[in-house]
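Listed here are the chains, written in short residue letters.
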Amino acid sequence: MKIYDPGGPFRLRPPRRPAPLTCDVCGMEIGPDELAHLIDGFAVCPDCFFDFCFDYFSGSMMCGRDILDIRGVPEYYGRYV
């Protein structure tokens, strides 16, 4: 009769490492002490931040004239006052 079976259900296993955090844009690993941005559930590293923001907000880009029209600023002889 065996008292201890090394391959049995009570064998020692190494502790599990948490899955590394990666940037959702470039795939670079983000360390636990490094800064990152979390934007609508996307993890973004500082190197990809400006490109991500440009792509993310590009649908709301418009000319300054259109923004002034939306705000209701009057136009006076072709120039806004």
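Residues numbered from 1 in each chain as written. Predicted model: local features only at pLDDT ≥ 70, side-chain atom pairs only at ≥ 80, totals over all residues. Heavy atoms only, no water.

Enquirer: Describe the overall build of the chain, listing the residues and the values that go with them.
Expert: Across its full length, the chain holds 2 helices and 6 strands. Along the chain direction, N to C, the helices and strands of the chain fall in the order β-β-β-β-α-α-β-β. In the chain, buried positions account for 14% of the 81 residues. Pairs at least 24 residues apart make up 4% of the contacts formed inside the chain by residues separated by at least 6 positions. Summed over its atoms, the accessible surface of the chain is roughly 7700 Å², and 59% of this surface lies on carbon and sulfur atoms. (Helix = DSSP H or I, 4+ residues; strand = E, 2+ residues; numbered from the N terminus. Buried < 20%, exposed > 50% of the residue type's maximum accessible area, 1.4 Å probe, protein only. Contact = heavy atoms within 4.5 Å. Areas by Shrake-Rupley, 256 points an atom, 1.4 Å probe, with all protein chains shown as cover.)

Enquirer: How would you explain the nonpolar core if you had to name every residue and give the values?
Expert: Core analysis: the largest hydrophobic core is formed by 8 residues, namely Cys23, Ile30, Ile39, Val44, Cys45, Cys48, Phe52 and Cys53. Ignoring any residue separated from it by four or fewer positions in sequence, one finds Phe52 in contact with Val25, Ile39, Phe42 and Val44. (Core = buried A, V, L, I, M, F, W, Y, C linked by side-chain atoms within 4.5 Å.)

Enquirer: Describe the environment of Met28, and please don't skip the residues or the numbers.
Expert: As for its position among the elements, Met28 is in the loop between strand S1 (21–22) and strand S2 (29–30). Distance from Met28 to Cys48, taken between C-alpha atoms, is 10.0 Å for residues 20 residues apart in sequence.

Enquirer: Go over the packing of aromatic side chains, please, and point to the residues and values.
Expert: Counted according to the given criterion, the structure contains 4 aromatic pairs. Note on Phe42 and Phe52: the rings are 5.6 Å apart at their centroids and 55 degrees apart in plane angle, and the pair reads as tilted. Linking Phe42 in strand S4 (residues 42–44) with Phe52 in helix H1 (residues 49–57), this pair joins segments that are 10 residues apart in sequence. Relative accessible area serves as the criterion here: at 12%, Phe52 is assigned to the buried category. With 4.9 Å between their ring centres and 85 degrees between their planes, Tyr56 and Phe57 make a pair best called edge-to-face. Through successive ring pairs, a cluster of aromatic residues spans Phe42, Phe52, Tyr56 and Phe57. (Phe/Tyr/Trp six-rings, centres within 6.5 Å; stacked < 30°, edge-to-face > 60°.)

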